[in-house]
Amino acid sequence: MTKDILLEQHTACYDENEWFVAVKNAVAGLTAEQATWKPAGADNSIWEEVNHLIFWNERWLQRYRGELNYPEDIENTGTFKSDDADWQAICDKLFAVMDEWRDNLNNITDEKLASPVNDQYHEPWFKPLAQQNIHNAYHTGQIVLLRKLQGSWDSSTGVS
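Residues numbered from 1 in each chain as written. Predicted model: local features only at pLDDT ≥ 70, side-chain atom pairs only at ≥ 80, totals over all residues. Heavy atoms only, no water.

Q: Honestly, the overall build of the chain in this entry has me stumped. Any pointers?
A: Tallying secondary structure elements over the chain gives seven helices and zero strands in all. Start at the N end of the chain and walk to the C end: the helices and strands fall as α-α-α-α-α-α-α. Relative to the compact-globule value of 15 Å for 160 residues, the chain shows a C-alpha radius of gyration of 16 Å, a close match. Taken along its principal axes, the extent of the C-alpha atoms in the chain is 45 × 35 × 25 Å. Looking at the chain as a whole, 41% of its 160 residues qualify as buried. Considering only contacts in the chain between residues 6 or more positions apart, those separated by 24 or more positions represent 73%. (Helix = DSSP H or I, 4+ residues; strand = E, 2+ residues; numbered from the N terminus. Rg over C-alpha atoms; globule rule 2.2 N^0.38 Å. Buried < 20%, exposed > 50% of the residue type's maximum accessible area, 1.4 Å probe, protein only. Contact = heavy atoms within 4.5 Å.)

Dropping the structure here:
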């Protein structure tokens, strides 16, 4: 049951609009210029939001795979970065990370969901996975808001 809920939440956050827009739809059709746009007073551009999502979803994948066991000192504001990469390559990286999470959630066992993340983080896996879905939805909402502010949002692609 927990697996089904997490998978449903992940899908809604990733690529199937529900009562909010999924991130894949939120970035669809954006140009690099639109992705780097930032209105006066805004903390982050869409590009920076997407890099932040990649960072944290990838970080939890590393933990899930057992590649990252110890906490690292990371300044969260540093995860909102722009870079010289190709915008489509950035989107493709986000989609690859989200696809890998979908595969993992499709195959996750109840035992894994109930097991501690690692020796340093003792919470069972279902807790950070649920929080990750909330985190993804939150930042996707920011992306949609930025698109609305810049006039690049097509309400036919999701929630008005």
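Q: Got a minute to help me understand the side chain of Asn136 in this structure?
A: Residue position: Asn136 is located in helix H7 (residues 126–150). Note on Asn136: relative accessible area 2%, which makes it buried. Apart from residues lying up to four places away in sequence, Asn136 is in contact with Cys13, Leu53, Asn57 and Met98.

Q: I tried to follow the nonpolar core on my own but got confused; where do I start?
A: A general tendency of soluble globular proteins is for nonpolar side chains to be buried together. Counting 22 residues, the largest nonpolar core has Val27, Ile46, Val50, Trp87, Leu94 and Ile143 as the members making the most contacts within it. Among the secondary structure elements, those contributing two or more residues to this core are helix H2 (23–27), helix H4 (46–64), helix H5 (87–107) and H7. If one sorts the elements of this core by residue count, H5 sits on top with six residues. Those residues in contact with Leu94 that lie beyond four places of it in its chain are Val23, Val50, Leu53 and Ile54. Trp60, Trp101, Leu105 and Ile108 belong to the second largest nonpolar core, which has 13 residues in total. (Core = buried A, V, L, I, M, F, W, Y, C linked by side-chain atoms within 4.5 Å.)

Q: Please clarify how H5 should be interpreted in this entry.
A: Think of an α-helix as 3.6 residues a turn; residues three or four steps apart then line up on the same face. Its 21 residues place the ends of H5 31 Å apart at the C-alpha level, agreeing with the 30 Å of an ideal helix rising 1.5 Å per residue. Among all positions of H5, only Trp87, Ile90, Cys91, Leu94, Phe95, Val97, Met98, Trp101, Arg102, Asn104 and Leu105 are buried. Residues of H5 that are buried sit in contact with helix H1 (2–14), H2, helix H3 (32–36), H4 and H7. Structurally, the start of H5 carries an N-cap: the backbone nitrogen of Gln88 is 3.3 Å from a side-chain oxygen of Asp86. (Expected span 1.5 Å × (residues − 1). Polar contact = N/O pair within 3.5 Å; in protein donor to acceptor, adjacent residues only side chain to side chain.)

Q: Help me understand the packing of H1 against H5, please; the structure alone is not making it clear to me.
A: In a packed pair of helices, the relevant descriptors are the angle between the two axes and the axis-to-axis distance. Where H1 contacts H5, the axes come no closer than 9 Å and their chain directions differ by 165°. The pairing of H1 with H5 is recorded here as roughly antiparallel in orientation. For the pair H1 and H5, the crossing hand works out as left-handed. Across from Lys3, Leu6, Leu7, His10, Thr11 and Tyr14 in H1, the residues of H5 making contact are Phe95, Met98, Asp99, Trp101, Arg102, Leu105, Asn106 and Asn107. Tallied by class, the residues present in the contact of H1 with H5 amount to seven nonpolar, four polar and three charged. (Axes fitted to C-alpha atoms, helices over the stretch in contact; angles between N-to-C directions. Parallel < 35°, antiparallel > 145°, perpendicular 65-115°, else oblique. Left-handed = near helix turned anticlockwise from the far one by under 90°. Nonpolar A, V, L, I, M, F, W, Y, C, P; charged D, E, K, R; others polar.)

Q: Please explain the pattern of salt bridges as it appears in this structure.
A: A pair can form between side chains of opposite charge whenever their charged atoms are brought close. Enumeration over the complete set of coordinates arrives at six salt bridges. The salt bridge involving Glu48 is made with Lys38; its shortest N-O contact spans 3.2 Å. Of the two residues, Glu48 is situated in helix H4 and Lys38 in the loop between H3 and H4; the sequence distance between them amounts to 10 residues. We note a salt bridge from Glu67 to Arg65, for which the minimum N-O separation is 2.9 Å. Overlapping salt bridges bring together Arg65, Glu67 and Glu100 as one network. (Salt bridge = Lys/Arg side-chain N within 4 Å of Asp/Glu carboxyl O.)

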